[in-house]
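As a plain string of letters, each chain reads:
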Amino acid sequence: MAFFEVLWHGEAIGDGGDLEEALQCYGLLRPLPPSWPEACQQAGADPCIRRYASFDAFLDNADELETIPVSAAMIEAALASAGAHHGQVGQAGGGGP
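What you see is a predicted model, and the numbers here were worked out from it, not measured in a lab.

### Details of the packing of aromatic side chains
- For the structure shown, the criterion picks out seven aromatic pairs.
- Measuring from centroid to centroid gives 5.2 Å for Y52 and F58, while their planes differ by 70°, and the two rings are edge-to-face.
- Among the residues examined, Y52 registers a relative accessible area of 5% and is labelled buried.
- Through pairs of rings, three or more aromatic residues link up here, namely F3, Y52, F55 and F58.

### Re the pairing of strand β3 (residues 48–52)
- Sheet topology note: the strand β1 (residues 3–8)/β3 ladder contains five bridges and is antiparallel. Opposite F3, over in β3, you have Y52 as the bridge partner.
- As paired elements, β3 and strand β4 (residues 66–69) share four bridges and run antiparallel to each other. Residue pairing across strands places R51 opposite E66, the latter belonging to β4.

### Looking at the environment of S71
- As for its position among the elements, S71 is in the loop between β4 and α4 (72–85).
- In sequence terms S71 and P47 are 24 residues apart; their C-alpha atoms lie 7.4 Å from each other.

### A few points about unusual backbone geometry
- In the segment running from R30 into P31, the intervening peptide bond is cis, with an omega of -5°.
- Within the secondary structure layout, P31 lies in the loop between α1 (19–24) and α2 (36–41).
- Even without a glycine there, the phi angle at H9 is positive, about 55°.
- With respect to the element layout, H9 can be found in the loop between β1 and β2 (11–16).
- You will see that N61, though not glycine, has its phi angle at about 60°, which is positive.
- Take N61: it is sitting in the loop between α3 (55–59) and β4.

### Considering the nonpolar core
- With 19 residues, the main nonpolar core has W8, Y26, W36, I49 and I75 as its most contacted residues.
- Those elements that place two or more of their residues in this core are β1, α1, α2 and α4.
- Tallying contributions element by element places α4 first for this core, with four residues.
- For Y26, the contacting residues outside a window of four places in its chain are V6, L7, W8, I13, L32, W36, P47, C48, I49, V70 and I75.

Thresholds, definitions, all that
- Residues numbered from 1 in each chain as written.
- Predicted model: local features only at pLDDT ≥ 70, side-chain atom pairs only at ≥ 80, totals over all residues.
- Heavy atoms only, no water.
- Phe/Tyr/Trp six-rings, centres within 6.5 Å; stacked < 30°, edge-to-face > 60°.
- Buried < 20%, exposed > 50% of the residue type's maximum accessible area, 1.4 Å probe, protein only.
- Pairing = 2+ DSSP bridges.
- Helix = DSSP H or I, 4+ residues; strand = E, 2+ residues; numbered from the N terminus.
- Core = buried A, V, L, I, M, F, W, Y, C linked by side-chain atoms within 4.5 Å.
- Contact = heavy atoms within 4.5 Å.

Structure follows, in structure tokens:
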């Protein structure tokens, strides 16, 4: 089973067992950016996801199978989907303290 590591400004900010789950990690950024297109265009933001063959491969420091460039549209779609699943349509990133 594949494993996905989420990067923002060169730092790992989350992970997931599938691509959508990984993309939803961008909703954990605090504070949330007012605009994903603007945030993704910031110098050094370089949002991307590294795909590994498995969690074990990630833990063993294996090379990633691919690096997936992430667009603002990808983040927005994943966060909208997550909001719909949690009854929070229109609230990217969901609730929480």
